[in-house]
Amino acid sequence: MNELESLESRVNHDLFAALPPDAAELVSNIEPLEITFGAVMSEIWQIFVGEITAPFQMLIALVGVIVLCAAANALRDSASGAEKNTAAVGAFDMVAVLAGAGVISMAVAGVVMRVIETLTAAGAFMLTFIPILAGIMAIMGQLVSANLFNASVILAAQVFSQVMITALMPLSASVLGVSIAGAVNPDLKTEKLAETVKTAVIWILGISATVFSGLLGLQSLVSGNADSVTMKAVRFTVSGSVPFIGGAMGDALGVVNASVGVLKSTTGAFGIIAIVAVCLPAILSVVGFRLSMSLASAVSGFFGTERIGVILKSGENVMSVILAMLACFTLIMLVSIAMMIRISGA
């Protein structure tokens, strides 16, 4: 029992060391046995309140730009024909559009960098966590499952995170640049392009997550049955080959296996909490920016500033795609850990 406690202590130390400082602090304040719906919602709300400052500042800046643009349009419309200066009005519209584009671009750039850091940190944590959990499964006699999941989950974590960072994220952000060009030159119709890219990325993520989860489920079914047969064969061999005390040794082997199973469950629960702690702040930050852009878009529609509204709609699409990527990655990791915990070799 002392060796088991020493193993658990080393596992916890290694896992905490693999977490980013903010996530490690959040995980250290959570007691798995005290988790309730109210406590979870309270923690989520506190994180959201901490993440809403930057989106609120962006919203204030966008509303200011929209109001100034609307005021300029009102002055232009109220002026007599002789007093209208078309070039000046066009220049002010251009400045307003570029100001709005600058605010949104800074927000999107900050979100992209934040999400890249989150995906990188989550992938690095999984590189440490999955081998540890697979090692515990191997100690329990779940050798087939440990080998399969160790390879497939680590590969999925790295592939999904790198594809999102190097391909999908730049593709989504580039849509904003195309939309800014469309807002500067209204003759360019870029709205359909933004919607098409958003739909394509979400479909790719959905299909990938569905296929991977299905393969994991099939893999866990096959490997779990193989490990169960192996464990029963080991217990039968020990019980039948050792005179007098073979039966007791077989039962003791079952007790040890169950004790290690408790360690696997607690380690798996730690992994689930850790992945949520790493990814949830970034998810709530993206949600905050998405809501702020939606509110700014509503204000833009109210004041009739269509050119700024085009950029805001594009920003909403970019945030939606980034949110889908984060949610997909988090879901895949959580499903993988849950399946590893659920496999039983008894």
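In this report, the structure presented in the accompanying data block is examined. On a predicted model such as this, the values are computed, not experimentally measured, just so you know.

The rules behind each value
Residues numbered from 1 in each chain as written. Predicted model: local features only at pLDDT ≥ 70, side-chain atom pairs only at ≥ 80, totals over all residues. Heavy atoms only, no water. Helix = DSSP H or I, 4+ residues; strand = E, 2+ residues; numbered from the N terminus. Buried < 20%, exposed > 50% of the residue type's maximum accessible area, 1.4 Å probe, protein only. Contact = heavy atoms within 4.5 Å. Phe/Tyr/Trp six-rings, centres within 6.5 Å; stacked < 30°, edge-to-face > 60°. Core = buried A, V, L, I, M, F, W, Y, C linked by side-chain atoms within 4.5 Å. Patch = residues over 30% accessible without salt bridge, like charges linked within 9 Å, V, L, I, M, F, W, Y side chains within 5 Å. Areas by Shrake-Rupley, 256 points an atom, 1.4 Å probe, with all protein chains shown as cover. Salt bridge = Lys/Arg side-chain N within 4 Å of Asp/Glu carboxyl O.

## Considering the overall build of the protein chain
Consideration 1: Looking only at helices and strands, the protein chain features nine helices and zero strands.
Consideration 2: Mapped from its N terminus to its C terminus, the protein chain presents α and β elements in the order α-α-α-α-α-α-α-α-α.
Consideration 3: Residues classed as buried in the protein chain amount to 42% of the 346 residues present.
Consideration 4: A separation threshold of at least 6 residues defines the contact pool for the protein chain, and within that pool the share at least 24 residues apart is 85%.

## A few points about the packing of aromatic side chains
Consideration 1: What the rule picks out here adds up to three aromatic pairs.
Consideration 2: Geometrically, the ring pair formed by F125 and F129 is stacked, given 5.5 Å between the ring centres and 15° between the ring planes. Highlighted residues: F125 and F129, both in helix α5 (residues 86–139), separated by four residues, approximately one helical turn. Of the two residues, F125 and F129, neither departs from the other in class, the shared state being buried.
Consideration 3: Ring plane angle 85° and centroid distance 5.2 Å describe the contact between F302 and F303, whose orientation is recorded as edge-to-face.

## Some thoughts on the nonpolar core
Generally speaking, soluble globular proteins have nonpolar side chains that are buried together.
Consideration 1: Membership of the largest hydrophobic core comes to 88 residues, with the highest contact counts inside it found for L19, F125, M126, M164 and I322.
Consideration 2: The greatest single-element share of this core, amounting to 20 residues, is contributed by α5.
Consideration 3: Each residue touching M126, except ones within four places of it in the same chain, is listed here: P131, V153, I154, A157, I275, M333 and I337.

## With respect to the environment of A181
Consideration 1: Along the polypeptide, A181 turns up in helix α6 (residues 143–184).
Consideration 2: Separated by 130 residues in sequence, A181 and I311 place their C-alpha atoms 9.2 Å apart.

## Observations concerning a nonpolar patch on the surface
Consideration 1: A cluster of nonpolar side chains, namely W203, I207, V211 and L215, defines an oily patch on the protein surface of about 450 Å² accessible area.
Consideration 2: Structurally, L215 can be placed in helix α7 (residues 191–241).
Consideration 3: Since its relative accessible area comes to 53%, L215 is described here as exposed.

## Concerning the pattern of salt bridges
Consideration 1: Enumeration over the complete set of coordinates arrives at two salt bridges.
Consideration 2: Among the salt bridges present, the one from R114 reaches E51, with a minimum N-O distance of 2.9 Å. Here the residue R114 occupies a position in helix α5, and E51 occupies one in helix α3 (residues 37–51), the gap between them amounting to 63 residues.
Consideration 3: The salt bridge partner of R290 is E316, with a shortest N-O separation of 2.9 Å. In this pair, R290 is assigned in helix α8 (residues 246–303) and E316 in helix α9 (residues 306–342), connecting sequence segments 26 residues apart.

In short, the description is geometric, and any link to function would need to be established separately.
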